There are 2 protein chains.
Amino acid sequence: MVKIGIVGVGTVGLSVVKNLQKNRDLIRARAGKEIIVKSGVVRNLNKKRDVNIHLTTDYKEITRDPEIDIVVELMGGVDEAYEVVKDALKHNKAVVTANKALLAYHRFELQSIANTPFEYEASVAGGIPIIKALRDGLSANHIQEIKGIINGTCNYILTEMKKGRDYAEVLKEAQELGYAEADPTFDVGGFDAAHKLLILASIAYNIDAKPEDILIEGIENINLTDIEFAKEFGYEIKLLGIAKKIGNEIELRVHPTLIKNSQMIAKVDGVMNAVSVIGDVVGETMYYGPGAGGDATASAVISDIIEIARGNVNPMLGYKKPLESEKVRLKTSDEIETKYYLRIAVNDKLGVLEKIANTLAKNNISIESFLQKPKNGYVKLLFSTHKSLEKDVKKAISEIENFDFVIKPINFIRIEG
Amino acid sequence: MVKIGIVGVGTVGLSVVKNLQKNRDLIRARAGKEIIVKSGVVRNLNKKRDVNIHLTTDYKEITRDPEIDIVVELMGGVDEAYEVVKDALKHNKAVVTANKALLAYHRFELQSIANTPFEYEASVAGGIPIIKALRDGLSANHIQEIKGIINGTCNYILTEMKKGRDYAEVLKEAQELGYAEADPTFDVGGFDAAHKLLILASIAYNIDAKPEDILIEGIENINLTDIEFAKEFGYEIKLLGIAKKIGNEIELRVHPTLIKNSQMIAKVDGVMNAVSVIGDVVGETMYYGPGAGGDATASAVISDIIEIARGNVNPMLGYKKPLESEKVRLKTSDEIETKYYLRIAVNDKLGVLEKIANTLAKNNISIESFLQKPKNGYVKLLFSTHKSLEKDVKKAISEIENFDFVIKPINFIRIEG
Ligand SMILES: NC(=O)c1ccc[n+]([C@@H]2O[C@H](COP(=O)([O-])OP(=O)(O)OC[C@H]3O[C@@H](n4cnc5c(N)ncnc54)[C@H](OP(=O)(O)O)[C@@H]3O)[C@@H](O)[C@H]2O)c1
Ligand SMILES: NC(=O)c1ccc[n+]([C@@H]2O[C@H](COP(=O)([O-])OP(=O)(O)OC[C@H]3O[C@@H](n4cnc5c(N)ncnc54)[C@H](OP(=O)(O)O)[C@@H]3O)[C@@H](O)[C@H]2O)c1
């Protein structure tokens, strides 16, 4: 028998309790042990909840209960969750968590103090078993690249915008549907995706980076002109979390990205998530499914509990021993080298295009394709470039923004692949 | 240190040796142990091979070597491989195999005698970690349905046929490209996919079925008319391995299938594989990647070796204890209930359509859509039906084939979803 305590009996916590009960026989057979939820921690004991387990507001009742084998942290947040998980580890409990924010900041500290199994499948891409895929299924590979659609809200908004709908309108709808929070910044600003990317990156590259170390841009500036450009040139616009290794340098970035619509990950629409991984031995594999929702997330949480009940002890971030080869270095955003799409609104005057083209050329940026769209009273110039350095692109943009015929600001989207 | 012996140093075996060497530092860090290939078994010692391990023709030198921890079976075939693996298990070796044929016939016997870890990730869908996904990642779920594109040769042929190319021509090309064997029956006839489907089904449903127990149809009868029909009605034609549970009845079948092109798995083209799984807790997840090739397959084989080196002992077919709930029953093919597409070539006479429609109606088959295509000298009638029983469809077909205006045989394709 395995006894668990759940710290946080909200959306995910309730789903975990419910599904452990619903699939009890099957889970016992697969785990080899009966899994019993002994108790749960909540903030508000008066809230009506459809569970009949012992509830408390004091997490130490669980983290220090000698009968409990696994502490399942589903409360969210960083600091309190960190205290809870540390206390659980200190008291030799195995830990399961779905908390990407916690791991984005503290995964390496937690790894260093964990002497018990520590699983966190649900922290990235909800129901998709991407942690196990990367940590176990692809363990033979040097990971060359990860590209993830790991925020369902953003993918939903971008998918709806393809139908010609406005960003603000779709965001409002996403909030009504429960896909987006009342304050959507965390999702649409790319921060949630960044947390998940950092978790994937540490399994791939054993790299300890924090959200503030990496490039994070959201989808707030994408408009219908960009969507039309994408369609016209055979691209999709997706908010991607990207991790790449080139030599011993790592790129980690989250931003809206133009990707060729022939790529498998470009075909992932709506709230669904997907992660494409390129390994040096296997090539590209991709993992697709629901990235959120109580039940989908509970599926991942319970799989972690079963893994621990089976007696398996996985290396938390995928490394049983330190990797002794060359140290990797995180690139700054200035050093990113990729293709770019630029959207420049100008007042139509003679010589405008020439001046812009000259400024690009002077900054080592060569143009791949060009489209001109007339608008009421002004003109939109849409460029895509060949591979260029981010530093050069930013310099060119600020120079072009200084021309009096340019209506600021200039927007750009990075192009991948 | 973990010492392995490889029985079969061919395409996959050589890739395993090569990549263990190439990624040695990384693999040591991930596994926590150095992995050493001690020796290999081949048929022909005189063949030139690019490895410097001890080679022998006597597998017992490996299965009974007290220094060897893991026997990696990569020789293929059923009977000899069965002897080798049994001997390895008897001598307390852990086993890793990529051999789907072996497992399609003997997975339950092997499970019953294995007291050591037994891994077989590479046996289904090559480099995609689908065994681990199903066995570990989705372990909380009752599996409602599996749909797999698990034969790259067939998917390549069907993808090329969408360009208007002829079956025979594309098959020949696939043979030249090394995607298809000289005798392609095993692939295009659906048998290879059936082996893989049976492996997935035992993890999902703990069901011991053999290839001869299930419906297996290949892609040999698909022609360009079918491809055109599919396009016109928004379908793709894919060879799918399908496993479904409805109540306590299981359907297992491999056949060309019409699926809506909006489904994620319909978008998988070329030699790539993909498996879509529907779980009662998580919903649909899908796994995509290369289904064959020495390196892709070696990625899976090495991940199994690492899993064992890490000290994990997974339940071979996903169940640590027997599942005590209701026994499942395998449906016969007559009992399949799905939608059908019928292709009927007729000599154009008055009343032809009426007679066919009457025969369908008499057999409880109602028509969903209908298309008539004139050909040189005859007419093709293409029907899709609402959900019908396979038994009824077969009876209707044989009755319609008896009409003198029908050019035999009538072809049909099952429609999924
Ligand atoms: N929801 C999803 O789709 C999803 C998907 C992937 C990952 N996750 C992650 O899963 C975790 C839980 O998410 P959720 O959606 O289930 O959140 P939720 O519905 O807000 O539930 C949080 C639970 O934790 C309790 N809690 C919060 N702070 C507490 C404290 N200081 N002391 C005691 N109890 C406290 C709450 O108690 P009260 O009920 O009394 O307020 C509530 O029961 C988060 O880390 C989230 O990022 C969620
Ligand atoms: N190739 C793929 O893409 C792929 C993908 C997934 C799974 N698999 C599976 O992996 C396994 C190996 O496939 P493969 O493509 O590597 O086959 P292969 O190239 O034909 O290699 C087979 C190896 O086994 C040896 N062998 C065969 N029978 C033997 C016997 N009776 N005694 C001793 N040695 C014997 C052969 O020796 P000689 O070299 O001396 O002839 C050869 O080294 C098969 O089960 C296959 O289904 C392959």
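Residues numbered from 1 in each chain as written. Chains lettered and ligands numbered in written order. Predicted model: local features only at pLDDT ≥ 70, side-chain atom pairs only at ≥ 80, totals over all residues. Heavy atoms only, no water.

As annotated in an unreviewed UniProt entry, chain A carries the name Homoserine dehydrogenase and is attributed to Nautilia profundicola. Check the Sequence similarities (unreviewed entry) section of the UniProt entry for chain A; it says "Belongs to the homoserine dehydrogenase family." (UniProt positions renumbered as here; feature names shortened; annotations may be inferred.)

A. Structural context of the overall build of chain A. Along its length, chain A carries 14 helices and 18 strands. Computed over its C-alpha atoms, the radius of gyration of chain A comes to 24 Å, within 12% of the 22 Å expected for a compact globule of 417 residues. The principal-axis extent of the C-alpha atoms belonging to chain A is close to 80 × 50 × 35 Å. Relative to its 417 residues, chain A shows a buried fraction of 61%. Counted over contacts in chain A with a minimum sequence separation of 6, partners at least 24 positions apart contribute 72%. (Helix = DSSP H or I, 4+ residues; strand = E, 2+ residues; numbered from the N terminus. Rg over C-alpha atoms; globule rule 2.2 N^0.38 Å. Buried < 20%, exposed > 50% of the residue type's maximum accessible area, 1.4 Å probe, protein only. Contact = heavy atoms within 4.5 Å.)

B. Focus on the site of ligand 2. Residues and elements named next belong to chain B. Neighbouring ligand 2 are 22 residues; V12, N44, R49, E80 and G293 lie closest to it. At 2.8 Å, a backbone N or O of V12 approaches an oxygen atom of ligand 2. Within the side chain of R49, an N or O atom sits 2.7 Å from an oxygen atom of ligand 2. Along the lines of polarity and charge, the residues of the shell around ligand 2 split into nine nonpolar, eight polar and five charged. (Near = heavy atom within 4 Å. Polar contact = N/O pair within 3.5 Å; in protein donor to acceptor, adjacent residues only side chain to side chain. Nonpolar A, V, L, I, M, F, W, Y, C, P; charged D, E, K, R; others polar.)

C. Representation of the sheet that holds strand β1 (residues 2-7) of chain B. All names here are of chain B. Spatial strand order, β3-β2-β1-β4-β5-β6: six strands in an open sheet with parallel pairing. The sheet terminates laterally at β3 (54-56) and β6 (118-119), the two strands that pair on one side only. Bridge count for β1 against strand β2 (residues 35-41) is six bridges, and the pairing is parallel. Considered in β2, the bridge of I6 is made with G40. (Pairing = 2+ DSSP bridges.)

D. Representation of the packing of helix α4 (residues 79-90) of chain B against helix α5 (residues 100-113) of chain B within the structure. All names here are of chain B. For the pair α4 and α5, interaxial distance at closest approach is 11 Å and the crossing angle is 20 degrees. As judged from the angle between their axes, α4 and α5 are roughly parallel. The hand of the α4/α5 crossing is right-handed. Note on element contacts: α5 touches α4 through L102, H106, E109, L110 and I113, opposite A81, Y82, V85, K86 and L89. A class-by-class count of the residues in the contact of α4 with α5 yields seven nonpolar, one polar and two charged. (Axes fitted to C-alpha atoms, helices over the stretch in contact; angles between N-to-C directions. Parallel < 35°, antiparallel > 145°, perpendicular 65-115°, else oblique. Left-handed = near helix turned anticlockwise from the far one by under 90°.)

E. Region of interest: the site of ligand 1. Residue and element names in this part refer to chain A. Near ligand 1 there are 22 residues, and of these T11, V12, N44, R49 and G293 occur at the shortest range. The contact in question runs from an oxygen atom of ligand 1 to an N or O atom on the backbone of G10, over 3.1 Å. Within the backbone of T11, one N or O atom sits 2.9 Å away from an oxygen atom of ligand 1. Protein contact buries 80% of the 900 Å² of open area that ligand 1 shows by itself. Among the residues forming the shell around ligand 1, the class breakdown is nine nonpolar, eight polar and five charged. (Areas by Shrake-Rupley, 256 points an atom, 1.4 Å probe, with all protein chains shown as cover.)

F. The side chain of T116 of chain B, seen in detail. Residues and elements named next belong to chain B. Of note, T116 is situated in the loop between α5 and β6. Among the polar contacts listed, one links the side chain of T116 to the backbone oxygen of K93, at a separation of 2.9 Å. The residues contacting T116, other than those within four sequence positions of it, are L89, N92, K93 and A94.

G. Representation of the UniProt feature "domain: ACT" (unreviewed entry) in chain A. Taking the UniProt record as the reference, the feature "domain: ACT" (unreviewed entry) is found at residues 341-414 of chain A. The span residues 341-414 of chain A is 31% helical and 43% strand by assignment, and the distance between its end C-alpha atoms comes to 6 Å.

H. How the structure looks around the interface of chain B and chain A. Listed per partner, the contact involves 58 residues of chain B and 58 residues of chain A. Roughly 5000 Å² of surface becomes buried between chain B and chain A when both sides are summed, with 55% attributable to carbon and sulfur atoms. Summed over the shared surface of chain B and chain A, the number is four salt bridges. For the salt bridge of D136 of chain A with R310 of chain B, the shortest nitrogen-to-oxygen distance reads 2.9 Å. Counting across the chain B and chain A interface gives 36 residue pairs in polar contact (both at pLDDT 80 or more). (Buried area = accessible area lost by both parts, 1.4 Å probe. Salt bridge = Lys/Arg side-chain N within 4 Å of Asp/Glu carboxyl O.)

I. Structural detail: the pairing of strand β4 (residues 70-73) of chain A. All names here are of chain A. Going residue by residue along β4, you find I70 and V72 tucked away on one face and V71 and E73 tucked away on the opposite face as well. Where strand β1 (residues 2-7) lies against β4, four bridges are found, and the strand directions are parallel. Opposite G5, over in β4, you have V71 as the bridge partner. Where β4 lies against strand β5 (residues 94-97), four bridges are found, and the strand directions are parallel. Across the sheet, the residue bridging to E73 is T97, located in β5. A crossover connection joins β4 to the parallel β5 through helix α4 (residues 79-90); in handedness this β-α-β unit is right-handed. (Right-handed = clockwise from strand over helix to strand, strands pointing away.)

J. Representation of the side chain of N411 of chain A in the model. Here N411 of chain A is to be found in strand β18 (residues 406-416). Those residues in contact with N411 of chain A, other than ones at most four positions away along the chain, are N221, Y341, L342 and R343 of chain A.

K. The arrangement of the relation of the copies chain B and chain A in detail. When chain B is fitted to chain A, the best match, at an RMSD of 0.0 Å, comes from turning it 180 degrees and sliding it 0.0 Å along the axis. The two molecules are tied by a two-fold rotation axis, judged by turn and shift. Interface overlap between copies is the fraction of interface residues in one copy that are interface residues in the other; for chain B against chain A it reaches 100%, indicating a shared surface. (Least-squares fit on C-alpha atoms with pLDDT ≥ 70 in both.)

L. Examining the UniProt feature "binding site: L-homoserine" (unreviewed entry) in chain A more closely. All names here are of chain A. In this numbering, the UniProt entry assigns the feature "binding site: L-homoserine" (unreviewed entry) to E181. With respect to the element layout, E181 can be found in the loop between α8 (167-176) and α9 (185-188). Given the relative accessible area of 54%, E181 is considered exposed. Apart from the residues lying within four places of it in its own chain, the contact partners of E181 are Q175 and D187.

M. Local environment of the environment of K320 of chain A. Within the fold, K320 of chain A resides in the loop between α12 (294-309) and β13 (329-330). Residue contacts for K320 of chain A: discarding those within four places in its chain leaves V313 and P315 of chain A together with A29, R30, A31, G32 and R310 of chain B. At a separation of 3.3 Å, a polar atom in the side chain of K320 of chain A contacts the main-chain carbonyl oxygen of V313 of chain A.

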